[in-house]
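Remarks on the overall topology
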Amino acid sequence: MADLNNMKIAEARDALRKGDVTSLELTESCLSAIEGAGALNAFVHNTPDLAREQAKAADTRIKAGDAPDMCGIPLGIKDLFCTKGVPSQAASNILKGFKPEYESKITSQLFDAGSVMLGKLNMDEFAMGSSNETSAYGNAVNPWRRGNDETALTPGGSSGGSASAVAADLCLAATGTDTGGSIRQPAAFTGITGIKPTYGRCSRWGVVAFASSLDQAGPMTKDVRDAAIMLEAMCGHDPMDSTSADLAVPNFEAMLTGDIKGKTIGIPREYHMDGIPEEIESLWAEGRKMLQDAGAKIVDISLPHTKYALPAYYVIAPAEASSNLARYDGVRYGHRATLDAGDGITEMYEKTRAEGFGHEVQRRVMIGTYVLSAGFYDAYYNRARKVRTLIKKDFEDVFAQGVDAILTPATPTSAFGLGEMKDADPVQMYLNDVFTVTVNLAGLPGIAIPAGLDKKGLPLGLQLIGRPWEEGDLLNTAYALEQAAGFVAKPAKWW
Amino acid sequence: MLDLTFDTPTPKTIAGAKYDWELVIGMEVHAQVASKAKLFSGASTKFGAEPNSNVAFVDAAMPGMLPVINEFCVEQAVRTGLGLKAEIHLKSAFDRKNYFYPDLPQGYQISQLYHPIVGEGEVIVDMEPGIARRVRIERIHIEQDAGKSIHDMDPNMSFVDLNRTGVALMEIVSCPDIRGPEEAAAYIAKIRQILRYLGTCDGNMQNGNLRADVNVSICRAGQYEKYMETQDFSHLGTRCEIKNMNSMRFIQQAIDVEARRQIAIVEAGGEVHQETRLYDPDKGETRSMRSKEEAHDYRYFPCPDLLPLEIEQEWVDDIAKTLPELPDEKKARFVGDYGLSEYDASVLTAEVISADFFEKVASTAGDGKLAANWVINELFGRLKKEDHSIEDSPVSPAQLAGIIKLIKSDTISGKIAKDLFEIVYTEGGDPDAIVEARGMKQVTDTGAIEAAVDEIIAANPAQVEKAKANPKLAGWFVGQVMKATGGKANPKAVNQIVAQKLKD
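Since the structure is predicted, the reported quantities are computational estimates derived from the model, not experimental observations. (Residues numbered from 1 in each chain as written. Chains lettered and ligands numbered in written order. Predicted model: local features only at pLDDT ≥ 70, side-chain atom pairs only at ≥ 80, totals over all residues. Heavy atoms only, no water.)

Further remarks concern the overall build of chain A. Looking only at helices and strands, chain A features 15 helices and eleven strands. For a compact globule of 495 residues, the expected C-alpha radius of gyration is about 23 Å, and chain A comes in at 21 Å, within 12% of that figure. Each principal axis of the C-alpha distribution contributes one length, and for chain A these read about 70 × 55 × 50 Å. Counting across all 495 residues of chain A, residues that qualify as buried make up 64%. A sequence separation of at least 24 residues applies to 77% of the contacts in chain A between residues at least 6 apart. As displayed, chain A has an accessible area near 17300 Å², and 50% of this comes from carbon and sulfur atoms. Here chain A carries 48 positive and 62 negative side-chain charges, and the mean point of each set is 2 Å from the other. (Helix = DSSP H or I, 4+ residues; strand = E, 2+ residues; numbered from the N terminus. Rg over C-alpha atoms; globule rule 2.2 N^0.38 Å. Buried < 20%, exposed > 50% of the residue type's maximum accessible area, 1.4 Å probe, protein only. Contact = heavy atoms within 4.5 Å. Areas by Shrake-Rupley, 256 points an atom, 1.4 Å probe, with all protein chains shown as cover. Lys, Arg positive; Asp, Glu negative; His and termini not counted. Charge placed at Lys NZ, Arg CZ, Asp CG, Glu CD.)

Shown next, in the form of structure tokens:
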């Protein structure tokens, strides 16, 4: 059977149950797709032996009946997840050669459900970046191109490898993580679906930390149904993560009725920003129309503190990162610099961290260190925390007014060319997160789905933001929008 | 319950070249929480294990590992707070204290800067009977201990042992209410005693399970009182912090040396700079570790891996119900119920185990004062001679009570009782049976004593004449009678009969 790798999770699940296909066949198909996609640089560590072994076990389990939905599904795993015995280096040189002795909670859950790991996926170093260009493996490449223009485009970041791999059908789905938009922005850039669940839904145990109060894992899939299926397998209370919520996980797929009659969708006026391309604005308007046609009530809402979100985010996230990344010191694991005679512990730290961390990571560690230092703490970190509280309250207020979900663009642009932002002010790059960071600051669930193509033929995404813990409802609204948008375009294979 | 009243001790003064100076001392005591597992990991806290054998992934700060609070350590901190009569905060929170050191794998220590679990409390520091200092506790917070760096195993390399990394500590912070080196040592001793009573810290200073940072400043007479009135620190001198002291003796020496250093500076017209110092016991001096300018900027911020710690009043109340009788109450009760001197009560209540021993002896023997005398003078004295502790006492409370009962019933004399004690101590056995078997009973039969007296009087006519002239010499006859009866004659009876016969 050809092109099994093009399958979606739901399709594959049904085919596996019917016996039309085996997990091993699916896996082999993905492995050869990966082999042929070196130009995308999406997979950075392949685990074919493990994949085949897991696939065989999954096939046995499926035959025996009663296998979970995710059983036998070949996945790509973002390099930020620690995977036992498999290189896990958060796309950083400082973790070169690091093979964890433990399995992250999320990958454990997926593997327990019978999923197959094809390998580890490229990303921005320590998930810091919006273009995948900060990766120590070199950037992943977007399978989409601007028509016949051969310019290599970014798959977005930080989960760029995941997005590229799913969009190019190298795997059926992938894990991602999202601290400020790292699932939703790359999903939008590559025409796939990505959901960041409510903070506390997915365990952070075994996921390399970037900014602990913002980091959440989520699935990156080919459509909303797949997102519902995979998210359910990733969610759940973990006593090893003190910020994990002890809440029951509903059957998200069963909630996909497509019926959103009577739902109230908010359109935040503050998200009409200067300099946003007309195409994005009109896509947003179309989305609004689609939801209205599906029976939802559309209301204009205000999220007054939106403009402070990005600055607050770029204080809080680096502050936490500067502390979270202190453990990479060359003492116990990962890279340690070669020292000169007479060098002491200070030189070891300095050289190790200078060699091991890339520039963007260094920049954020410096920013974080600065905003936490004596004399600046109140002006930056504490103020940012207050802003965060206000942003959270903005959302609480509109939800209290009866809004069920909020519709916004996912990104301010479509995928840009790799290297195009090289000389830009780093703040320009940070603007990629302008529509997504508020969601992380408020701890809410947010989903990006593809809704159209721009003039250059690149996918554009819309974002829906939901009430806390109501991922099921959010997925259903996204499902209705997906059906109305009818986005089916795929990148033309050039790799 | 009886509260013992006390007077405040006189602050220690040190004479400088120009003035007399008073000392002002505050302490931060780091007490290792008695718990089998670490504060945020399940790893063991056992002392003396192979290096790096008690280390969980989170202790080694492996990527993606997360801390999970050990509830028992929280319970121990609450118990400690209750024992120090302190306010328990139902909501507290953890912060990260960031600094780089190889024995701190995370690059930060999880501590409680902004919202500690325990607030203000107090400790009564006994100096001598009737004299004590009331020291206010400012706060107690829980935090992780660091590991151990070993620099002397190799000429080129340093080694790190992470066994202690992540072990729970309580930092007990006092107000600057301690007024001299002796008070400082007594303060530590009292904290140690209370923690041991509570079972929240084993108090082993040698292993570093109890150690202190000591803040020392000097001031002129009258300044401290102004501070106490206003709580305004500007009335006090600039303080220096002497780090990481784990010996009572060195704490006292260090305070004295540091105060004298500060006095010399101030009297020479200089200024004391706030800094962290280390005490060098070999040279008998304190040395600057780092000045305020070089001080670490710890960049404290709330630990995003942990939710605020919320506990219920009901849970605190349940812990309060399990609190043992504490040293002050026990001492007061010993004074009140057994009629002991405050000194004896202090000695007996120093450790729970000796207090319990005493109470068993006292209740069985039915005499508190005698029990206290025997426990303190005979038993403790004998144990000390052989460097034994009360735990390994070869004499049980029942045996000691048996000896005391024999004294009380006039069955044996006090002198014979000491012989009996020695037999029980070295050979063991039931005191009653020993007395019976070895014929140690006191002779109270006046006829037998009279006969013995008569015999001695008859044999020593010259002495009789002398004694008649000088009644003080009667003692000689008593001694002779005791000798003749092998010490078993009841001394009271012998005295009476000798006096009677000499008169005749």
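UniProt's feature table lists "domain: Asn/Gln amidotransferase" (unreviewed entry) at residues 356-502 of chain B, given in the numbering used throughout. The annotated region residues 356-502 of chain B carries 73% helix and 0% strand content, and the separation between its end C-alpha atoms amounts to 49 Å. (UniProt positions renumbered as here; feature names shortened; annotations may be inferred.)

This brings us to the packing of aromatic side chains. Scanning the model with the defined rule gives 34 aromatic pairs over all chains in all. Ring geometry for A:Tyr314 against A:Tyr430: centres 3.8 Å apart, planes inclined by 10 degrees, an arrangement best described as stacked. Of this pair, A:Tyr314 sits in helix H9 (residues 309-324) while A:Tyr430 sits in helix H13 (residues 426-430), and the two are 116 residues apart along the sequence. One aromatic cluster in this structure is built from A:Phe98, A:Phe126, A:Tyr328, A:Tyr333 and A:Phe357. The aromatic ring of A:Trp494 is capped on one face by A:Arg145, whose charged end is 3.8 Å from the ring centroid. The positively charged end of B:Arg179 is found above the aromatic ring belonging to B:Tyr224, 3.9 Å away from the centroid. (Phe/Tyr/Trp six-rings, centres within 6.5 Å; stacked < 30°, edge-to-face > 60°. Lys NZ or Arg CZ within 6 Å of the ring centre and 35° of its normal.)

Okay, the UniProt feature "domain: Amidase" (unreviewed entry) in chain A next. Per the UniProt record, "domain: Amidase" (unreviewed entry) is found at residues 25-475 of chain A. What you have in residues 25-475 of chain A is 35% helix and 14% strand, and the ends, taken at the C-alpha atoms, are 30 Å apart.

Turning next to unusual backbone geometry. Residue and element names in this part refer to chain A. Between Gly157 and Ser158 the backbone carries a cis peptide bond, its omega angle lying at 5 degrees. Position of Ser158 relative to the elements: it lies in the loop between strand E3 (116-121) and helix H5 (160-167). In this model, Ala91 sits at a positive phi of 55 degrees, which is unusual for a non-glycine residue. Residue position: Ala91 is located in the loop between strand E2 (74-78) and helix H4 (105-112).

All names here are of chain A. UniProt records the feature "active site" (unreviewed entry) for Lys78, Ser158 and Ser182 in the present numbering. These annotated residues cover 105 residues of sequence, and their C-alpha atoms lie no more than 11.3 Å from one another, placing them together at a single site. Discounting chain neighbours no more than four positions away, the residues touching Ser158 are Lys78, Asn122, Met123, Asp124, Ala127, Met128, Gly129, Asn132, Thr177 and Ser182. A distance of 2.9 Å separates the side chain of Ser182 from the side chain of Ser158, its partner in a polar contact. (Polar contact = N/O pair within 3.5 Å; in protein donor to acceptor, adjacent residues only side chain to side chain.)

Unfilled space is identified by rolling a water-sized probe across the atoms. Its boundaries defined by the atoms lining it, the second largest pocket holds a volume of some 1100 Å³. Along its surface, the second largest pocket is lined by 37 residues, and A:Ser213, A:Arg385, A:Arg388, A:Lys392 and B:Leu307 are the ones closest to its centre. Those elements that provide at least two residues to the lining of the second largest pocket are helix H12 (378-400) and helix H14 (437-442) of chain A. The biggest single contributor to the lining of the second largest pocket is H12(A), with ten residues. A breakdown of the residues in the lining of the second largest pocket according to their chemical character gives 20 nonpolar, nine polar and eight charged. (1 Å grid on protein atoms, 1.4 Å probe; cavity = no way out; pocket = protein on both sides within 12 Å on 5 of 7 lines; lining within 4 Å. Points joined across faces, edges and corners; volume = space filled by probe spheres on them. Nonpolar A, V, L, I, M, F, W, Y, C, P; charged D, E, K, R; others polar.)

Here we take up the packing of helix H2 (residues 181-198) of chain B against helix H6 (residues 327-338) of chain B. All names here are of chain B. Two numbers describe how H2 lies on H6: the axes approach to 10 Å, and their chain directions differ by 90 degrees. The angle between the axes of H2 and H6 places the two elements in the roughly perpendicular class. The segment H2 lies against H6, with Lys190, Gln193, Ile194 and Tyr197 engaging Pro327, Asp328 and Lys330. Residues belonging to the contact of H2 with H6 are distributed by class as follows: three nonpolar, one polar and three charged. (Axes fitted to C-alpha atoms, helices over the stretch in contact; angles between N-to-C directions. Parallel < 35°, antiparallel > 145°, perpendicular 65-115°, else oblique.)

Residue and element names in this part refer to chain A. The eleven strands lie next to each other as E1-E3-E2-E4-E6-E5-E10-E11-E9-E7-E8, forming an open sheet whose pairing is mixed. Taken across any chain shown, the strands that pair with only one partner, and hence form the sheet edges, are strand E1 (43-46) and strand E8 (297-301). When the angles between neighbouring strand axes are averaged without regard to direction, this sheet yields 30 degrees. Pairing analysis gives three bridges linking E1 to E3, with the strands arranged antiparallel. The residue of E3 that forms the bridge with Phe43 is Leu121. Against the sheet, helix H3 (residues 48-64) contacts E1 and E3, and its axis sits at roughly 155 degrees relative to E3. Sitting on the sheet, H12 is in contact with E8, strand E9 (405-409) and strand E11 (459-466), with an inclination near 125 degrees to E9. (Pairing = 2+ DSSP bridges.)

Let's shift gears to a nonpolar patch on the surface. A cluster of nonpolar side chains, A:Tyr370, A:Phe376 and A:Tyr380, forms an exposed patch at the surface whose accessible area comes to about 270 Å². Among the secondary structure elements, A:Tyr370 is positioned in helix H11 (residues 359-372). (Patch = residues over 30% accessible without salt bridge, like charges linked within 9 Å, V, L, I, M, F, W, Y side chains within 5 Å. Salt bridge = Lys/Arg side-chain N within 4 Å of Asp/Glu carboxyl O.)

Quick look at the nonpolar core now. Note on soluble globular proteins: their nonpolar side chains tend to be buried together. One finds A:Met70, A:Phe126, A:Leu170, A:Phe395 and A:Leu475 to be the most contacted residues of the largest nonpolar core, which totals 171 residues. For this core, the element with the highest residue contribution is H9(A), accounting for ten residues. Excluding its chain neighbours within four sequence positions, the residues that come into contact with A:Phe395 are A:Tyr271, A:Leu303, A:Ile406, A:Thr438, A:Ala442, A:Leu444 and A:Ile465. Among the nonpolar cores identified, the runner-up in size contains 101 residues, and B:Val29, B:Val216, B:Ala365 and B:Ala401 belong to it. (Core = buried A, V, L, I, M, F, W, Y, C linked by side-chain atoms within 4.5 Å.)

Here the focus is helix H1 (residues 71-83) of chain B. All names here are of chain B. For H1, which comprises 13 residues, the first-to-last C-alpha distance of 18 Å matches the rise-based estimate of 18 Å (1.5 Å per residue) to within 8%. Across the 13 residues that make up H1, a large majority, ten, are buried. Restricting attention to buried positions, one finds in H1 the residues Cys73, Val74, Gln76, Ala77, Val78, Arg79, Thr80, Gly81, Leu82 and Gly83. Its buried side turned inward, H1 meets strand E7 (131-144), strand E10 (168-174), H2, strand E16 (309-310) and helix H5 (313-321). The opening residue of H1, the one whose side-chain oxygen lies 2.9 Å from the backbone nitrogen of Phe72, is Asn70. Positive phi shows up at Lys85, right after H1, with a value of about 50 degrees. (Expected span 1.5 Å × (residues − 1).)

What follows deals with the packing of helix H9 (residues 368-385) of chain B against helix H10 (residues 397-408) of chain B. Residue and element names in this part refer to chain B. Remark: H9 packs on H10, axes separated minimally by 10 Å, with the N-to-C direction vectors making an angle of 120 degrees. What the angle tells us is that H9 and H10 run oblique. Both H9 and H10 take part in a crossing whose hand is right-handed. Between H9 and H10, the contacting residues are Leu370, Ala371, Trp374, Val375 and Leu379 on the first element and Leu400, Ile403, Ile404, Ile407 and Lys408 on the second. (Left-handed = near helix turned anticlockwise from the far one by under 90°.)

Take the domain arrangement of chain B next. The assigned domain composition of chain B is domain 1 (15-294), domain 2 (324-437) and domain 3 (446-503). Between the C-alpha centres of domain 1 of chain B and domain 3 of chain B there is a distance of 66 Å. (Domains from an automatic or database assignment.)

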